Amino acid sequence: MSSAHSFDVLVIGAGPAGIAAAVRAAERGVRVGIVDDNSTLGGQIWRGGSDQQDESASKWRERLRDAAVFTLPGKRVFDQPVAGVLLAESDHELCELRYKNLVVATGARERFLPFPGWTLPNVLGAGGLQAMVKQGLPIRGKRVVVAGTGPLLLAVAAYLRKHGAQVPVLCEQAPWSRLAGFATALVSEPTKISQALRLTGELAGVSFAANSWPLAAHGQNQLETVTISRSGKSQDIPCDYLACGFHLVPNIELPLLLGCRIHEGFVHVDDLQQTSISNIFCAGEPTAIGGVDLALAEGQIAGLAASGHAASAQLFRQRERARRFARVLDRTFRLRDELKHLPSPETFVCRCEDVPFSRLRNHASWRAAKLHTRCGMGPCQGRICGPASEFLFNWRPDSVRPPIFPVRVENLAALDDSQRLAIPFATGDAYARPNMK
Amino acid sequence: MPSPVSVVVNGKPVSVPSGTTVAVAMMIAGHTCRTSVTGEPRGPFCGMGICFECRAVVNGIPHSRSCQILCESGMDVRTDE
């Protein structure tokens, strides 16, 4: 079964940047579609849930409805067989999406760093655990250690507390000196001050430890205890969950596949959010990790540009302000070198293929490691171990190949000849690879 | 309160609120999602459909990302071995 759609402006990713782009383009009267791999719109930050109270989110959702944007949730884009045609897969069908102009707003994911025990059940990403709670995981009375780096940890700890969890400690790897600089930068941002104050209230009772990080997770078949390094001393903390995350990495697999120029890990864009390919625009985290304000400003500029309209000077000012904040985030939460020594020789770096640190450290490049160990060649296609290896070994990431997500064989078989052209069957192991033993 | 949905996790019925994902139902039931290539039990990790750790057999379809699928009444869910 398959379907086909055609749009003046197609937006990939329905977080704040994508929704803002779709709304601004559709309000100008062009035919707009928005695709997301999640079953609900909103992205990671505006994830639905009964406690959804974000005013800005509701306002944008309402505009999206009013602007008659065609929504395609639950679809993963995996290839562009020819320019202007994307292929996507849902649980039930294959979908062909044609566009005149494209806005890539694929967001970011958490960066994870391996440490002994990080593969134990109930060790989760910080954003991941929050998502699980929003999806019904009971958390009241549970003990959750939150550890890693970045502002997301504060938001997650506050959310968990609000829902009745105990958070015995929040470990932030950044030193106090850099966090103080971050606090100073917040003072120049009125909206961020109110956010920070609200968080401070919600975090009452959480012990915040700077200069601290997880050393190991322990347990028989699931997590029982976490050992942390707290200002140079190690400490064991019994807990039910460990929520960890080391700031964010941009999802640039799609712009890479499309051939957009990448600069230092981010998609290069001009003043109008246009990439190196003239009918492809990019907005939000793939251009810089800057949070929701930057995403909304960039998304609006991109949506207007993609529909042939100019953005207001005010919008450009908002973007500049948000970009300054993004640079502060980057400086504050840069990873410290000690974290490179967290894995033991036996620690799996690649969780899909169970490749231990000892088998990787002697390789010269990501490519060599992949060929010799299968690191990064499992179903996640290196989305987790890639950024980790980049930090641990200074390996440069490789190019991407279609399909950029595993696709069901029956859907690949349903492709016609024109769609099939871009897919190099010789590299078959990137495909819907079953869990080989 | 949303009405509960009943699913079967590794042969045992589990009742969860509607809107619960399969991954969460498996956690509530105390079952892991998959067994890794070296035999380790694994549960959900990234929670956003990227890491593929939450792969489970859902209604007979293996390698389903359980964190992206909502529970439906009568669904049969199994640990991906």
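Residues numbered from 1 in each chain as written. Chains lettered and ligands numbered in written order. Predicted model: local features only at pLDDT ≥ 70, side-chain atom pairs only at ≥ 80, totals over all residues. Heavy atoms only, no water.

### Things to note about the overall build of chain A
To keep it simple, the criterion reads: A run of H or I in DSSP counts as a helix once it spans at least four residues, and a run of E counts as a strand once it spans at least two, with each numbered from the N terminus. A radius of gyration in this sense is built from C-alpha atoms; the matching globule rule multiplies 2.2 Å by the number of residues raised to 0.38. For every residue, the accessible area obtained with a 1.4 Å probe (protein chains only) is divided by the maximum for its type, and the residue is called buried under 20%, exposed over 50%, and partly exposed between those limits. The contact rule is simple, with two residues in contact once any of their heavy atoms fall within 4.5 Å. All accessible-area figures derive from a Shrake-Rupley calculation using a 1.4 Å probe, and residue coverage is judged against the displayed protein chains alone.
Secondary structure assignment for chain A yields 14 helices and 21 strands. At 22 Å, chain A has a C-alpha radius of gyration in line with the 22 Å of a compact globule built from 437 residues. In terms of overall dimensions, chain A has a C-alpha envelope of 60 × 55 × 40 Å along the principal axes. Each of the 437 residues in chain A was classed as buried or not, and the buried ones make up 56%. Across chain A, the fraction of contacts at a sequence separation of at least 24, relative to all contacts at a separation of at least 6, is 65%. Of the roughly 18100 Å² of accessible surface on chain A, a fraction of 52% belongs to carbon and sulfur atoms.

### With respect to the overall build of chain B
When its secondary structure is counted, chain B shows one helix and seven strands. Ordered by position in the sequence, the α and β elements of chain B form the string β-β-α-β-β-β-β-β. Taking 12 Å as the expected radius of gyration for a compact globule of 81 residues, we find that chain B reaches 12 Å, a close match to that expectation. Expressed as a percentage of its 81 residues, the buried residues of chain B come to 56%. Look at the contacts in chain B between residues 6 or more apart in sequence, and 40% of them connect residues 24 or more apart.

### A word on the confidence of the model for chain B
Residue and element names in this part refer to chain B. Using the following cut-off: The predictor attaches a confidence to each residue, and that confidence, scored 0 to 100, is pLDDT.
Of the residues in chain B, 98% reach a pLDDT of 70 or more, and the chain-wide mean stands at 94. Mean pLDDT across the elements of chain B ranges from a minimum in strand 6 (residues 61-65), with 92, to a maximum in strand 7 (residues 76-79), with 98. Quick note on the complex model: pTM equals 0.91, ipTM equals 0.97.

### A look at the sheet that holds strand 1 (residues 4-9) of chain B
Residues and elements named next belong to chain B. Using the following cut-off: Here, a strand pair is defined by DSSP locating no fewer than two bridges between the strands. Axes here refer to lines fitted to C-alpha atoms; in helices the fit is confined to the stretch in contact. Angles between the N-to-C directions go from 0 to 180 degrees.
Spatially, the five strands line up as an open sheet ordered 2-1-7-5-6, and their pairing is mixed. Edge strands, defined here as strands with exactly one partner in the open sheet, are strand 2 (12-17) and strand 6. Each strand of the sheet is rotated relative to its neighbour by a mean of 40°, with strand direction disregarded. Pairing geometry for strand 1 and strand 7, over two bridges, is parallel. Among the inter-strand pairings, V9 is bridged to a residue of strand 7, identified as V77. Sitting on the sheet, helix 1 (residues 22-29) is in contact with strand 1, strand 2, strand 5 (55-58) and strand 7, with an inclination near 120° to strand 2.

### A short note on the packing of aromatic side chains
Residue and element names in this part refer to chain A. Counted only if it meets this: A pair of aromatic rings is counted whenever rings of Phe, Tyr or Trp (Trp by its six-membered ring) have centres within 6.5 Å, and the orientation is called stacked for planes under 30 degrees apart, edge-to-face for over 60 and tilted otherwise.
Summed over all chains, the structure comprises nine aromatic pairs over all chains. On the basis of an interplanar angle of 55° and a centroid distance of 5.6 Å, the ring pair of W176 and F208 is categorised as tilted. Here W176 is found in helix 5 (residues 176-187), whereas its partner F208 is found in strand 11 (residues 208-209), with 32 residues between them in sequence. Given the relative accessible area of 31%, F208 is considered partly exposed. Taking the centre distance of 6.4 Å and the plane angle of 45° together, the rings of W366 and W395 count as tilted. A residue pair is termed long-range when its members are at least 10 positions apart, and W366 in helix 11 (residues 366-373) and W395 in the loop between helix 12 (385-393) and helix 13 (409-413) qualify at 29 residues.

### Overview of the interface of chain B and chain A
Rules: By salt bridge we mean one thing: a side-chain nitrogen of Lys or Arg within 4 Å of a carboxyl oxygen of Asp or Glu. Classification used: nonpolar for Ala, Val, Leu, Ile, Met, Phe, Trp, Tyr, Cys and Pro, charged for Asp, Glu, Lys and Arg, polar for all others including Gly.
Facing 36 residues of chain B, the contacting portion of chain A comprises 42 residues. Our count for the chain B to chain A interface comes out at two salt bridges. Among the ionic pairs, R351(A) bridges to E53(B), the shortest N-O distance being 2.6 Å. Per-element accounting of the side of chain B that touches chain A gives the leading share, five residues, to strand 6 of chain B. Within the side of chain B that touches chain A, the residues separate by chemical class into 16 nonpolar, 13 polar and seven charged.

### Focus on the sheet that holds strand 15 (residues 241-246) of chain A
All names here are of chain A. Taken together, the five strands give an open sheet; going across it, the order is 8-15-9-10-11, and neighbouring strands pair in parallel fashion. The open sheet is flanked by strand 8 (123-125) and strand 11, the only strands paired with a single partner. Contacts from helix 4 (residues 151-162) reach strand 9 (144-149), strand 10 (170-172), strand 11 and strand 15 within the one sheet, and its direction differs from that of strand 9 by about 170°.

### Considering the pattern of salt bridges
Per the stated rule, a full pass over the model turns up 20 salt bridges over all chains. For E53(B), the salt bridge is made with R42(B), and the minimal N-O distance between the two is 3.0 Å. Taken together, the residues span a long stretch of sequence, with E53(B) in the loop between strand 4 (41-42) and strand 5 and R42(B) in strand 4 at a distance of eleven residues. Comparing E53(B) with R42(B), the two get one shared label, buried. A cluster of three or more residues bridged by salt bridges with shared partners is formed by R351(A), D354(A), R34(B), E40(B), R42(B) and E53(B).

### Here's the deal with the environment of R321(A)
Among the structural elements, R321(A) can be located in helix 9 (residues 313-332). A relative accessible area of 35% means that R321(A) is categorised as partly exposed.

### Focus: the pairing of strand 7 of chain B
Residues and elements named next belong to chain B. Here strand 7 shows one buried face, formed by V77 and T79, and one open face, formed by D76 and R78. When strand 5 meets strand 7, the two strands line up antiparallel, connected through three bridges. Bridge pairing in strand 7 places V58 opposite V77.

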